Amino acid sequence: MARRSGHSEEELPFVALMDTMTNVVGVLIIVLVMVGIGLARSVNKILSDLPPVTVEEHAKLKKEVEETKPQHDPDKVDEQTQKLEAELKKVKESLQTMDTTRDKQQIKLIDTDAIAKQIEEKKKERDQRKVEVEKMLADVDKLKQRLDTTPVYAPPPSVVVKLPNPRPMPDQASIQHFLVYGSRVLFLYDEQLTDLAEAELKRAEPTTALTRETVKGADGKPVMVKDKAGHASPQRKIVFDPKKLTDYFTRVHLGNRDVKVDLALSPTNGRIPIKLTPMPNAGETLDQTRNLVSVFQTQLKKYKADPKAVVWFHVYKDSIPTYLAAREIADQMGVPVGWDIYGNPWFQRTLPVEYSVPFTPPPPPAGGPAAVTIAPPKSTLD
């Protein structure tokens, strides 16, 4: 509880003056009353009990009267009393004015307990912020140390890139795939490796196939297809067990010294893709590709003689300068070239449509419009 404060210093003189004035007026009134009472009694006594007196007795009584005579003039006393009453009235009016002003200003007493509580809360908040600031300063010091030990970034040298000159792709072009990754150029031999995977798939058919059927046309007759040698045979459709097929290819090591062949099945796609992953240090460095007897230049000379051959570079994001240098060699030899940015440091091909696995297509978006399929842009020479 807050302690009640006493009267303010401005109220004390007026209160004391009022008390003094009241006491003076009261004393004067009492004196006047007593004097009047004493005079009345003396006169009554003289008039009622006036005995014959001698000269000596008269002188003695006169002396007593003189002694009881008031020393102050009653008129002056009344005048002073009126003045004191007027001053007292002014003092009361001043006190009423001060009380009214204090009520209008709504003067509030200071609660020292509440102020002390606020001070404690501010101290706690200050201490908490001090801890946070010290932690931030420590973090700043750590960052400064890391900046001091961080090597200065040196940007790679600038690379000159030619603007593309799109040209149409030759009809029935024979595309030869090169993978440019890790600052190396690798010829994928993807056609030969795809044929190898297809042959292995046929060997795995007796133990991994779920269903086999001959594809028939609208007329009910088998659909005939020709192989690379031009021999016609009925088209078949074989559905494989995904798990058995994966286990089979895990036990069989396909590929060559530069590339490893694996299956890349998807539960939402019925086609059977194969993934060609480069072996460590596979392919040729940029210096090696400049050699006239390198694999890269040997293949370019071979494709230059084929009017339908097109060299296609799949460039990984870390090997743009390597691609530009290899591309310059291909341009000097006059070989048609195309390229794209490849998202993975490996290459993927899909086996023919007659080979498939069971799959569950992804459900369409609920409540939304049907998905719009946009055809990919046509491949062009660069």
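Since the model is a prediction, treat every value here as computed from it, not as a measurement.

Undergrad: For this particular structure, what's the right way to read the pairing of strand E9 (residues 259-263)?
TA: One face of the sheet, then the other: side chains in a regular strand alternate in exactly this way. Burial along E9 is one-sided: Val259, Val261 and Leu263 are buried, and none of Lys260 and Asp262, which face the opposite way, are. Two strands pair when backbone bridges link them, and strand E8 (residues 254-255) and E9 are joined in this way by two bridges, in the antiparallel orientation. Among the inter-strand pairings, Gly255 is bridged to a residue of E9, identified as Lys260. Hairpin connection, E8 to E9: the antiparallel pair is bridged by three residues.

Undergrad: Please clarify how helix H8 (residues 295-304) should be interpreted in this entry.
TA: One turn of the α-helix equals 3.6 residues, which is why residues spaced by three or four share an orientation. Phe296, Gln297, Gln299, Leu300 and Tyr303 are the residues of H8 that are buried. What you see down the axis of H8 is that its buried residues fit within an arc of 160°, all on one side. In the core, the buried residues of H8 are packed alongside strand E2 (174-181), strand E3 (184-187), strand E11 (284-285), helix H7 (286-289), strand E12 (309-316) and helix H9 (320-333).

Undergrad: Looking at this model, I keep getting lost on the packing of helix H5 (residues 190-208) against helix H6 (residues 242-251). Mind explaining?
TA: For any two helices packed against each other, one specifies the inter-axial angle together with the distance between the axes. In the contact formed by H5 and H6, the axes pass within 10 Å of each other and the chain directions differ by 125°. When the axis of H5 is compared with that of H6, the two are oblique. Along this stretch, H5 crosses H6, giving a crossing that reads as right-handed. On H6, the residues that touch Ala197, Glu200, Leu201, Arg203, Ala204, Thr207 and Thr208 of H5 are Lys244, Leu245, Tyr248 and Phe249. Tallied by class, residues from the contact of H5 with H6 come to six nonpolar, two polar and three charged.

Undergrad: I'm lost on the pairing of strand E13 (residues 337-342) in this one. Help?
TA: In this sheet, E13 lies alongside E12 in parallel orientation, the contact comprising six bridges. By the bridge assignment for E13, Phe313 is matched with Trp339. Assessed by its sense of winding, the connection that carries the chain from E12 through H9 to E13 is right-handed.

Undergrad: Where do I start with the packing of aromatic side chains in this structure?
TA: Where two aromatic rings form a pair, the distance of their centres and the angle of their planes describe that pair. Taken as a whole and judged by the stated rule, the model has eleven aromatic pairs. With centroids separated by 6.3 Å and ring planes inclined at 45°, the aromatic side chains of Phe240 and Tyr355 adopt a geometry described as tilted. Placement of the pair is Phe240 in strand E7 (residues 236-240) and Tyr355 in strand E15 (residues 355-356), with a sequence separation of 115 residues. Each member of the pair, Phe240 together with Tyr355, is buried. Summarising the aromatic geometry, the rings of Tyr323 and Trp339 are spaced 4.7 Å apart at their centres and angled 25° between planes, so their arrangement reads as stacked. A residue pair is termed long-range when its members are at least 10 positions apart, and Tyr323 in helix H9 and Trp339 in strand E13 qualify at 16 residues. Tyr323 gets classed as buried once you look at its relative accessible area, which sits at 3%. For Trp339, a relative accessible area of 31% corresponds to the partly exposed category. Chaining the aromatic ring pairs together yields one cluster made of Phe178, Phe187, Tyr189, Phe296, Tyr303, Phe313, Tyr323 and Trp339. Above the face of the Trp346 ring, Lys275 is positioned so that its terminal group lies 5.0 Å from the ring centre.

Quick notes on the rules
- Residues numbered from 1 in each chain as written.
- Predicted model: local features only at pLDDT ≥ 70, side-chain atom pairs only at ≥ 80, totals over all residues.
- Heavy atoms only, no water.
- Buried < 20%, exposed > 50% of the residue type's maximum accessible area, 1.4 Å probe, protein only.
- Helix = DSSP H or I, 4+ residues; strand = E, 2+ residues; numbered from the N terminus.
- Pairing = 2+ DSSP bridges.
- Arc of directions from axis to C-beta.
- Contact = heavy atoms within 4.5 Å.
- Axes fitted to C-alpha atoms, helices over the stretch in contact; angles between N-to-C directions.
- Parallel < 35°, antiparallel > 145°, perpendicular 65-115°, else oblique.
- Left-handed = near helix turned anticlockwise from the far one by under 90°.
- Nonpolar A, V, L, I, M, F, W, Y, C, P; charged D, E, K, R; others polar.
- Right-handed = clockwise from strand over helix to strand, strands pointing away.
- Phe/Tyr/Trp six-rings, centres within 6.5 Å; stacked < 30°, edge-to-face > 60°.
- Lys NZ or Arg CZ within 6 Å of the ring centre and 35° of its normal.

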